[in-house]
Amino acid sequence: MRILLIEDYMPLQKSLAKGLREADFAVDVSGDGKEGLWYAMSNDYDVIILDLMIPKLDGLSVLKQLREKNKNNHVLILTAKDTVEDRIKGLDLGADDYLVKPFAFDELLARLRALTRRRYEHKCPDIKVNDLCIDTVAHRVWLKDEEIILTSREYMLLEYLARRAGEVVSRSDIWEHIYEFNSEASSNVVDVYIGYLRKKIDKDFKSPMLRTVRGQGYILGGQP
């Protein structure tokens, strides 16, 4: 899943970005509200983590402009402001969640997972597609009773396709959700990782779960 982190305090920005990437998120980072708003308007993020006390354009102004422009990304406010009035104002402007500094990183991850489930209308942390079971908390995957070992990028790709199981997902959609803005990878890398996944989850190729829809993209699950 792809995250936008708008945070100006560099030590926190760097540690959060590092931790989120290690947790298999693609992360774009901005240190001010003006640039952060541009990122948010230019890309489709699963969750935006937004600090309130940021330069050039404060967090609440960023949030207000996003909602006025009908951007429906889930927004998690991350701030040192912890009064009830501050929380009410942020939520009333369209924030989806609120986390007060200092916080436990594991709690941030849990809230991000919850917001992602909400976006894709999944209540359960496990996603089941045919014979696949994906544990989105532990990032483990089983095919029937056998655990499938995936690389970080393979897992990100599979989770995104599984959240949209039964839908045709275009190459550009995949690219936008599992690669960062400044990624140096070429666009055909999506096809390469689709190939890697097929070798692991469609071993017998008798009734493949991951299929190509010519000229449109890929589909996981559903009927051929």
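Residues numbered from 1 in each chain as written. Predicted model: local features only at pLDDT ≥ 70, side-chain atom pairs only at ≥ 80, totals over all residues. Heavy atoms only, no water.

**Quick word on helix α1 (residues 10-22)**
Thinking step 1. An ideal rise of 1.5 Å per residue puts 18 Å on 13 residues; α1 measures up with 18 Å between its terminal C-alpha atoms.
Thinking step 2. As for α1, its buried residues are in contact with β1 (2-6), β2 (26-30), β3 (47-51), β4 (74-79) and α5 (105-119). (Helix = DSSP H or I, 4+ residues; strand = E, 2+ residues; numbered from the N terminus. Expected span 1.5 Å × (residues − 1). Contact = heavy atoms within 4.5 Å.)

**Section: the state of the cysteines**
Thinking step 1. Following the criterion strictly, the structure yields zero disulfides and no others.
Thinking step 2. For C133, which is in no disulfide, the shortest distance to another cysteine sulfur is to C124 and amounts to 7.9 Å. (Disulfide = S-S within 2.5 Å.)

**Some thoughts on the pattern of salt bridges**
Think of it this way: side chains of opposite charge can pair up when their charged atoms draw near.
Thinking step 1. Under the criterion given, the structure shown has 17 salt bridges.
Thinking step 2. Where K101 meets E7, a salt bridge forms, and the shortest distance between an N and an O atom there is 3.0 Å. With a gap of 94 residues between them, K101 in the loop between β5 (97-100) and α5 and E7 in the loop between β1 and α1 connect regions that are remote in the sequence.
Thinking step 3. With a relative accessible area of 23%, K101 lands in the partly exposed category.
Thinking step 4. The class for E7 is buried, based on a relative accessible area of 1%.
Thinking step 5. Residues R140 and E147 are paired through a salt bridge, measuring 2.8 Å at the closest nitrogen-oxygen approach.
Thinking step 6. Overall, the relative accessible area of 37% leaves R140 in the partly exposed class.
Thinking step 7. Where salt bridges share partners, they join E7, D51 and K101 into one cluster. (Salt bridge = Lys/Arg side-chain N within 4 Å of Asp/Glu carboxyl O. Buried < 20%, exposed > 50% of the residue type's maximum accessible area, 1.4 Å probe, protein only.)

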